[in-house]
Amino acid sequence: MREAAHPGRIAAYPAQIVSPEATRALRRPLVTPVGHGRTEEPQISTREPVIQEPEGPEPEATRRAAGVTESARANRGWWDRNADEYQVEHGTFLGDDRFVWCPEGLDEVEAELLGPPEELKGRDVLEIGAGAAQCSRWLAAQGARPVALDLSHRQLQHALRIGSPFPLVCADAGALPFADASFDLACSAYGALPFVADPRLVLSEVRRVLRPGGRFVFSVTHPIRWAFPDEPGPEGLSVASSYFDRTPYVEQDDDGRAVYVEHHRTLGDRVRDVVAAGLTLVDLVEPEWPAWNTSEWGGWSPLRGNLIPGTAIFVCVRD
């Protein structure tokens, strides 16, 4: 979940498994060919993230076109550079082994969007855009067999730092490195879908790797938020741009190279994407802001959350 910003099949990024040994110094990991198996228990060197210093001037924020390849390259680089700071700032809210769907704090323990926890035991589950794999760790505690996938090496190194007795796969969500019908369930909490230029690639791949009757649940920034400034205070309550403007939000360097990209889809676009990928939409959840949550997370806040939705969660099934 990107702060201070608007809310494919990439040959350059072959699937890889992050090496547990490489986590000891939190440096870029060694890699081996992917497989849908189990990894050894990682040796953890530290519980605290190491912060990488940012490099270069602040990027310029703009709205412009950005394709599949440019978006993937930019976002992989951004998350590799910013994973440390992200985990430090939000690690307490996310926990090490909680399944939180959104900044509103909706927890899978209560929501049961993947089904009752007692029915997760023995299920093969793919988490897409896993980050530090907090959700996968919760799934494993329920007896499920998760696989955590992310485009960013650095995010997966944090998964190793915390501990991951399940596979961690570095790969693009638009080219999932798994055989057809490999998983019973798939999930994505603000992972991949907000950042890809062609979400139908991801949704079609998810359908391919799901078994018949399998469920895919994903959360994204609620599309209505794109019409409002990304501010938590009163200044974020007035419409500032067209909801129907689908031009991507791009942060770019001095040479015009994208270093971060988010893509806007209207609510109708999201529904059509799901249907076009061959999935059935069975529920659309718009979490309300709970009274206990006093946190601000970028443009999310109690003030805004009590007035307009911040998250949309799509519950889909492969027939």
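Residues numbered from 1 in each chain as written. Predicted model: local features only at pLDDT ≥ 70, side-chain atom pairs only at ≥ 80, totals over all residues. Heavy atoms only, no water.

Right, let's talk about the overall build of the protein chain for a bit. Looking only at helices and strands, the protein chain has 7 helices and 12 strands in total. Relative to its 319 residues, the protein chain shows a buried fraction of 57%. Summed over its atoms, the accessible surface of the protein chain is roughly 13100 Å², and 51% of this surface lies on carbon and sulfur atoms. (Helix = DSSP H or I, 4+ residues; strand = E, 2+ residues; numbered from the N terminus. Buried < 20%, exposed > 50% of the residue type's maximum accessible area, 1.4 Å probe, protein only. Areas by Shrake-Rupley, 256 points an atom, 1.4 Å probe, with all protein chains shown as cover.)

Turning our attention to the sheet that holds strand β3 (residues 60-63). Read from one edge to the other, the open sheet built from 3 strands follows the order β3-β9-β10, with strand pairing classed as antiparallel. Of all the strands in the sheet, just β3 and β10 (258-262) have a single pairing partner and so form its edges. Each neighbouring strand pair of the sheet contributes to a mean axis angle of 20°, computed without reference to strand direction. For strand β9 (residues 249-252) and β10, the ladder comprises 4 bridges, and the chain directions are antiparallel. Along β10, the bridge assignment pairs Val250 with Val261. Strands in contact with helix α1 (residues 68-94) are β9 and β10; relative to β10, the strand with the most contacts, it is inclined by about 105°. (Pairing = 2+ DSSP bridges. Axes fitted to C-alpha atoms, helices over the stretch in contact; angles between N-to-C directions. Contact = heavy atoms within 4.5 Å.)

The next point concerns the confidence of the model for the protein chain. Of the residues in the protein chain, 82% have a pLDDT of 70 or more, and the chain-wide mean is 87. Note that residues 19-48 has pLDDT below 50 and, in this model, 73 contacts with residues that lie over four places away or in other chains. (pLDDT = per-residue confidence, 0-100.)

With that settled, the discussion passes to the packing of aromatic side chains. The full count for this structure, using the stated rule, is 15 aromatic pairs. A ring pair is formed by Phe178 and Phe183, whose centres lie 5.1 Å apart and whose planes are at 90°; its orientation type is edge-to-face. On the accessibility criterion, Phe178 (6% relative accessible area) is buried. Among the aromatic side chains, those forming a connected cluster through ring pairs are Trp78, Trp79, Tyr86, Phe93, Phe195, Tyr249, Tyr260 and Trp297. (Phe/Tyr/Trp six-rings, centres within 6.5 Å; stacked < 30°, edge-to-face > 60°.)

All right, on to the pairing of strand β4 (residues 124-128) then. For β4, a buried count of 5 out of 5 residues is recorded, marking the element as mostly surrounded by other parts of the structure. Two strands pair when backbone bridges link them, and β4 and strand β5 (residues 145-150) are joined in this way by 5 bridges, in the parallel orientation. For Val125, the partnering residue across the bridge sits in β5 and is Pro146. Here β4 pairs with strand β7 (residues 183-189) via 3 bridges, running parallel. Its bridge partner being in β7, Leu126 is matched across the sheet by Ala186.

This part takes up helix α3 (residues 134-141). The buried fraction of α3 is high, at 6 of 8 residues. Among the residues making up α3, those that are buried are Gln134, Cys135, Ser136, Arg137, Trp138 and Leu139. In the core, the buried residues of α3 are packed alongside α1, α2 (108-111), β4, β5, α4 (153-162) and β7. Among the residues trailing α3, Gly143 stands out with phi positive, at a value near 95°.

The next point concerns α1. Taking 1.5 Å per residue, 27 residues should reach 39 Å; α1 reaches only 29 Å between its end C-alpha atoms and comes up short. A maximum bend of about 55° is found in α1 at Asn82. With its phi angle positive at about 75°, Gly95 sits one or two positions after the end of α1. (Expected span 1.5 Å × (residues − 1). Bend = angle between axes of the 7 residues up to and from the residue.)

To characterise two packed helices, one gives the angle between the axes of the helices and the distance between these axes. Where α1 meets α4, the closest approach of the two axes is 7 Å, and the angle between their N-to-C directions is 35°. Contacts between α1 and α4 involve Arg76, Trp79, Asp80, Ala83, Asp84, Tyr86 and Gln87 from the first element and His153, Arg154, Gln155, His158 and Arg161 from the second. Across the contact of α1 with α4, the residue classes break down as 3 nonpolar, 4 polar and 5 charged. (Nonpolar A, V, L, I, M, F, W, Y, C, P; charged D, E, K, R; others polar.)

On the secondary structure map, Ala173 appears in the loop between β6 (168-170) and β7. By relative accessible area, Ala173 is classed as buried at 8%. C-alpha separation for the pair Ala173 and Pro199, spaced 26 residues apart in sequence, amounts to 9.4 Å. Sequence-distant contacts of Ala173, that is, excluding residues within four places in its chain, are made with Ile128, Leu149, Ala192, Val202 and Glu205.

On to the environment of Ala277. With respect to the secondary-structure elements, Ala277 resides in the loop between α6 (267-276) and β11 (279-285). Those residues within four positions of Ala277 in sequence are excluded, and the remaining contacts are Leu203, Ser204 and Arg207.

This part takes up the nonpolar core. Where a protein is soluble and globular, its nonpolar side chains tend to be buried together. Ranked by size, the top nonpolar core spans 32 residues in total, and within it Phe99, Trp101, Leu114 and Leu139 carry the most contacts. Breaking this core down by element, the ones donating at least two residues are α1, α3, β7 and β12 (311-318). The greatest single-element share of this core, amounting to 5 residues, is contributed by α1. With residues near it in sequence (within four places) discarded, Leu114 still touches Phe99, Trp101, Glu108, Leu120, Leu139, Leu185, Ala186, Cys187, Arg215 and Val217. Counting 28 residues, the second-largest nonpolar core is a separate cluster that includes Ala186, Val196, Ala312 and Phe314. (Core = buried A, V, L, I, M, F, W, Y, C linked by side-chain atoms within 4.5 Å.)

Moving on to the packing of helix α5 (residues 199-209) against α6. In the contact formed by α5 and α6, the axes pass within 9 Å of each other and the chain directions differ by 40°. By the angle between their axes, α5 is oblique relative to α6. α6 is crossed by α5, and the crossing has right-handed handedness. Facing α5, whose interface residues are Pro199, Arg200 and Leu203, α6 presents Arg270, Arg272, Asp273, Val274 and Ala276. Residues of the contact of α5 with α6, tallied by class, amount to 4 nonpolar, no polar and 4 charged. (Parallel < 35°, antiparallel > 145°, perpendicular 65-115°, else oblique. Left-handed = near helix turned anticlockwise from the far one by under 90°.)

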